[in-house]
Amino acid sequence: MFTTKTVIQPAVWLGCLNCYNSGRLVGAWFPCDMIEEVTLADVHGGAEHVHPDCEEVLALDTEYLPDGVGEIDQLAAAAWGELFVEVGSDRWEELLAWYEKCSPSQDVNGVPSAEDFNECAQGCWDSFREFIESWADDCGMFYGWPEEAVTYFDWDKYERDARYDFTVVDSPNAGVFIFRNC
């Protein structure tokens, strides 16, 4: 079977604020992890198109950033780019889900820390039940129990009670993302 994986990379549409205020929409899409290298000439499509009053750019649109992140400046876009590099493209959707559902603390640019994310994120699982059974096994919950006693364990009640300690978010591809309530 042939499958393709969509590459997800946060990007912003940087526009020249002076041109925008003058009624001209001038700008282009740039990936956040390379935003620090973008110049006014890049935004204008060449140095010959930069007017003397052009000094400031603003991200007027975003792609693969959390819902609610609207117009941001180049510095904030760069901070999201750094986070993307630190977390990695394979975990970016998980980070977006965590940001949108768990309301983490943010720095001055509105960006959460990768350390907080890594502390809370438990990965992507087929179901919460699969996660909780693995978690119970990994922490040795049944160590020393007679096998017969384990068979009488009420997994439904345990799963229900464990949901108070975790946030479960549907993954866009399949399964669920699990986050420990930090």
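For the structure, check the block above.
Description of the structure in this document. Note that the structure is a prediction, hence the values are computed from the model and not measured.

**Comments concerning the packing of aromatic side chains**
Then, number 1: With the rule as written, the count across this model stands at 18 aromatic pairs.
Then, number 2: Their ring planes at 35° and their centres at 6.0 Å tell us that Phe128 and Phe131 sit as a pair that is tilted. One end of the pair, Phe128, and the other, Phe131, are both in helix 6 (residues 128–138), 3 residues apart, so they sit about a helical turn from each other. In this pair, the class of Phe128 matches that of Phe131, namely buried.
Then, number 3: Pairing Phe131 with Phe166 gives two aromatic rings, centres 5.1 Å apart and planes at 75°, and the pair type is edge-to-face.

**A word on the side chain of Glu94**
Then, number 1: Here Glu94 shows up in helix 4 (residues 92–102).
Then, number 2: A polar contact of 3.2 Å, which involves the side chain of Glu94, links it to the backbone nitrogen of Gly123.
Then, number 3: Here Glu94 is in contact with Phe117, Ala121, Gln122, Gly123, Phe177 and Phe179, once residues within four sequence places are set aside.

**Description of the layout of surface pockets**
Then, number 1: The volume enclosed by the second largest pocket comes to roughly 160 Å³.
Then, number 2: Counting residues per element, the ones that place at least two in the lining of the second largest pocket are helix 4 and helix 5 (114–120).
Then, number 3: A breakdown of the residues in the lining of the second largest pocket according to their chemical character gives 5 nonpolar, 4 polar and 2 charged.

**Regarding the environment of Pro112**
Then, number 1: Within the element layout of this structure, Pro112 appears in the loop between helix 4 and helix 5.
Then, number 2: Residues Pro112 and Leu83, 29 residues apart in the sequence, show an inter-C-alpha distance of 8.2 Å.
Then, number 3: Excluding its chain neighbours within four sequence positions, the residues that come into contact with Pro112 are Trp80, Leu83, Trp98, Tyr99, Pro104, Ser105 and Gln106.

Reading the values: rules and limits
- Residues numbered from 1 in each chain as written.
- Predicted model: local features only at pLDDT ≥ 70, side-chain atom pairs only at ≥ 80, totals over all residues.
- Heavy atoms only, no water.
- Phe/Tyr/Trp six-rings, centres within 6.5 Å; stacked < 30°, edge-to-face > 60°.
- Helix = DSSP H or I, 4+ residues; strand = E, 2+ residues; numbered from the N terminus.
- Buried < 20%, exposed > 50% of the residue type's maximum accessible area, 1.4 Å probe, protein only.
- Polar contact = N/O pair within 3.5 Å; in protein donor to acceptor, adjacent residues only side chain to side chain.
- Contact = heavy atoms within 4.5 Å.
- 1 Å grid on protein atoms, 1.4 Å probe; cavity = no way out; pocket = protein on both sides within 12 Å on 5 of 7 lines; lining within 4 Å.
- Points joined across faces, edges and corners; volume = space filled by probe spheres on them.
- Nonpolar A, V, L, I, M, F, W, Y, C, P; charged D, E, K, R; others polar.

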